[in-house]
Amino acid sequence: MNMEVRSAEKYLKAAGLGEVEIERLQGIGYFVAPASSRHHLAVDGGLAVHSMNVVDVLLEFRAFDNPRSCYVVGMLHDLVKCLCYEKHDGVWKYRDPEFPGHGSASAIIAAELGIEMSPVERAAIIWHMGSFDLQANDRGAYSAALKKFPRELVLTHAADHLAALMES
C-alpha cells in the first residue's frame, strides 16, 4: 500500500468512515482514479491526493463549524471521478458517467455506498462546482442552497478550485 493510500485512509477515518466504507471506496477505484485526465493530478491515485488537498484547504478556511465536515466534503466531493475514467494503454481517458451533475452524482454514490452525511455536507458536495455544474442551470435550486449554506458552499467551491492548482 503506497503512502497516498495510507494517508487517504487516515483522512477517510477522520471523516467517520469505517473499514466497510473504505473497502467499498476501494472497490470503485477511489485509491487509483486520477483527479482528471489531462489537467490536475492526472495520475494513478490523483483523486485521493486532490481530495486530501481539498480537506487541507477547507480546514485552513475553517469552512465548517464541525471540522469532521471538512473531511467528509473534501474526501467525497469528487466520487463520480471513480466512474469517469478508464485506463487504456497506460493513459487515463474520460468517459461519461451514468449520472448527470458532477456534484449530485458524487452525493448519490456516497449514499449508495452507505456513507451518511449531514444536510450541509450533502449540499456542499452537490454544489462544490458552484455555478459551473450542469445542474446549476436551475438557478433557483442553486440560489436556494446558497441561502441556506452560503459560507460552506462558497468556501467548498473555492477550496476545490485552489486544490486543483496544487501538483501534489
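Bear in mind the structure is a predicted one, so any value in this text is a computation, not a measurement.

Caption draft 1: Up close: the overall build of the protein chain. When helices and strands are tallied, the protein chain shows nine helices and two strands. Counting from the amino terminus, helix and strand elements in the protein chain follow one another as α-α-α-α-α-β-β-α-α-α-α. Projected onto the principal axes, the alpha-carbon positions of the protein chain cover approximately 45 × 30 × 30 Å. By the burial criterion, 49% of the 168 residues in the protein chain qualify as buried. Residue pairs at least 24 apart in sequence account for 60% of intrachain contacts in the protein chain once pairs closer than 6 positions are excluded.

Caption draft 2: Representation of the nonpolar core in the model. Among the nonpolar cores identified, the biggest contains 53 residues, and L12, L25, Y30, L58, F64, M75 and L76 are the most heavily contacted of them. Per-element accounting of this core gives the leading share, eight residues, to helix α3 (residues 46-61). Contact partners of L12, with chain neighbours within four places excluded, come to L17, I22, L25, Y30, F31, M75 and L76.

Caption draft 3: Region of the structure containing the packing of aromatic side chains. The full count for this structure, using the stated rule, is four aromatic pairs. With centroids separated by 5.3 Å and ring planes inclined at 85 degrees, the aromatic side chains of Y30 and F31 adopt a geometry described as edge-to-face. Just as Y30 is buried, F31 falls in that class too. With centroids separated by 5.7 Å and ring planes inclined at 70 degrees, the aromatic side chains of Y85 and Y94 adopt a geometry described as edge-to-face. Classification of Y94 by relative accessible area gives partly exposed; the value is 47%.

Caption draft 4: Representation of the confidence of the model for the protein chain in the model. When the pLDDT values of the protein chain are averaged, the result is 89; 92% of them are 70 or greater. Mean pLDDT in the protein chain bottoms out at strand β2 (residues 91-94), which sits at 83, and peaks at helix α4 (residues 67-76), which reaches 98.

Rules used throughout
- Residues numbered from 1 in each chain as written.
- Predicted model: local features only at pLDDT ≥ 70, side-chain atom pairs only at ≥ 80, totals over all residues.
- Heavy atoms only, no water.
- Helix = DSSP H or I, 4+ residues; strand = E, 2+ residues; numbered from the N terminus.
- Buried < 20%, exposed > 50% of the residue type's maximum accessible area, 1.4 Å probe, protein only.
- Contact = heavy atoms within 4.5 Å.
- Core = buried A, V, L, I, M, F, W, Y, C linked by side-chain atoms within 4.5 Å.
- Phe/Tyr/Trp six-rings, centres within 6.5 Å; stacked < 30°, edge-to-face > 60°.
- pLDDT = per-residue confidence, 0-100.

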